[in-house]
Amino acid sequence: KIKKIIKNKKWICKQLNHFPKEKQTFPTELHLKAIEQKTSISYQKIIGRCRLLETPDYNITIMGDFDWVKAKKKLKQWLMHKGSVYLVDWVDAFSIKFDLPYNKVAIKGQKTIWGSCTFDNNISLNYKLLFAPKYLVNYIIIHELCHTKILKHNKKFWDLVKSFDINYKEHRNELN
């Protein structure tokens, strides 16, 4: 069956082009549960480069000559910046509170993971955590900070996590 699919790849691709493309809709609001912030988004098509403006009351305007790809890129940059402000401070606070020192934190846009910790105690967090409830962000940060002591997911590791988050199993299941 696989050989037949490969043999007919060109025909399959041509047929797929006949289906209507999914139209991307522009979001008008973002709810960042982790930091309890609702942000409204408006769009202004004008001549000029695409840019994002934020007001002190959490309103965003994307303006300029943009399409969905450019607008999405601007929103992702804005979210990464928010993550670098809020999530890094969160890691700092927990690191001190639980005496789990780390080297540095990076905010990324990983596709399949919420966070990671390297053998040299560098922590990466996904900016999409901003959309999660606080208690789940707490769990992820605790989880990654615990990796600064124990890299493997063994019994000692889970006991350490449990010492800081008694409900870690429920939080872990909810994220999965």
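None of these values were measured; they are calculated from a predicted model.

Draft legend 1. Seen up close, the side chain of N122. Structurally, N122 can be placed in strand β7 (residues 122-126). A polar side-chain atom of N122 sits 2.8 Å from a polar atom in the side chain of N103. Looking at N122, its side chain comes within polar contact range of the main-chain nitrogen of K104, at 3.5 Å. In this view, N122 contacts N103, K104, S116 and C117; residues no more than four positions away in its chain are not counted.

Draft legend 2. Local environment of the packing of aromatic side chains. Applying the stated criterion to the full structure yields eight aromatic pairs. With a centroid separation of 5.6 Å and 75° between ring planes, the pair formed by F26 and W68 is classed as edge-to-face. Here F26 is found in the loop between α2 (9-16) and β1 (29-32), whereas its partner W68 is found in helix α3 (residues 68-98), with 42 residues between them in sequence. Sitting over the ring of F66, K45 keeps its end group 4.7 Å from the ring centre. Stacked on the ring of F94, the Lys or Arg K97 has its end atom at 5.9 Å from the ring centre.

Draft legend 3. Representation of the sheet that holds strand β5 (residues 104-108) in the model. The strand order across the open sheet formed by three strands is β5-β7-β6, and the pairing between neighbours is mixed. Where the open sheet ends on each side, the last strands, each with one partner, are β5 and β6 (115-117). For this sheet the average axis-to-axis angle between neighbouring strands, irrespective of direction, equals 15°. Against the sheet, α3 touches β5 and β7, its axis set at about 145° to β5. Sheet contacts for helix α4 (residues 134-146): β6 and β7; angle to β7, the most-contacted strand, approximately 160°.

Draft legend 4. Inspection of the side chain of N126 at higher detail. Within the secondary structure, N126 sits in strand β7. Judged by relative accessible area, which is 2%, N126 ranks as buried. Within the structure, the side chain of N126 is placed 3.0 Å from the backbone oxygen of I113, a separation counted as a polar contact. When sequence neighbours within four positions are dropped, the list of residues in contact with N126 reads L87, K108, G109, Q110, I113 and W114.

Draft legend 5. Molecular detail of the packing of α3 against α4. Relative orientation of the contacting elements α3 and α4 amounts to 60°, with a least axis distance of 10 Å. Of the possible angle classes, the one that applies to α3 and α4 is oblique. The interaxial crossing formed by α3 with α4 has right-handed handedness. In contact with L87, W90, V91, F94, S95 and F98 of α3, α4 contributes K134, V137, N138, I141, I142 and L145. In terms of residue class, the contact of α3 with α4 is made up of nine nonpolar, two polar and one charged.

Draft legend 6. Representation of the pattern of salt bridges within the structure. Under the defined criterion, the tally for this structure stands at three salt bridges. K134 is the salt-bridge partner of E36, the closest N and O atoms lying 3.6 Å from each other. Of this pair, E36 sits in the loop between β1 and β2 (37-45) while K134 sits in helix α4, and the two are 98 residues apart along the sequence. Residue K134 is classed as partly exposed on the basis of its relative accessible area of 39%.

Parameters at a glance
Residues numbered from 1 in each chain as written. Predicted model: local features only at pLDDT ≥ 70, side-chain atom pairs only at ≥ 80, totals over all residues. Heavy atoms only, no water. Helix = DSSP H or I, 4+ residues; strand = E, 2+ residues; numbered from the N terminus. Polar contact = N/O pair within 3.5 Å; in protein donor to acceptor, adjacent residues only side chain to side chain. Contact = heavy atoms within 4.5 Å. Phe/Tyr/Trp six-rings, centres within 6.5 Å; stacked < 30°, edge-to-face > 60°. Lys NZ or Arg CZ within 6 Å of the ring centre and 35° of its normal. Pairing = 2+ DSSP bridges. Axes fitted to C-alpha atoms, helices over the stretch in contact; angles between N-to-C directions. Buried < 20%, exposed > 50% of the residue type's maximum accessible area, 1.4 Å probe, protein only. Parallel < 35°, antiparallel > 145°, perpendicular 65-115°, else oblique. Left-handed = near helix turned anticlockwise from the far one by under 90°. Nonpolar A, V, L, I, M, F, W, Y, C, P; charged D, E, K, R; others polar. Salt bridge = Lys/Arg side-chain N within 4 Å of Asp/Glu carboxyl O.

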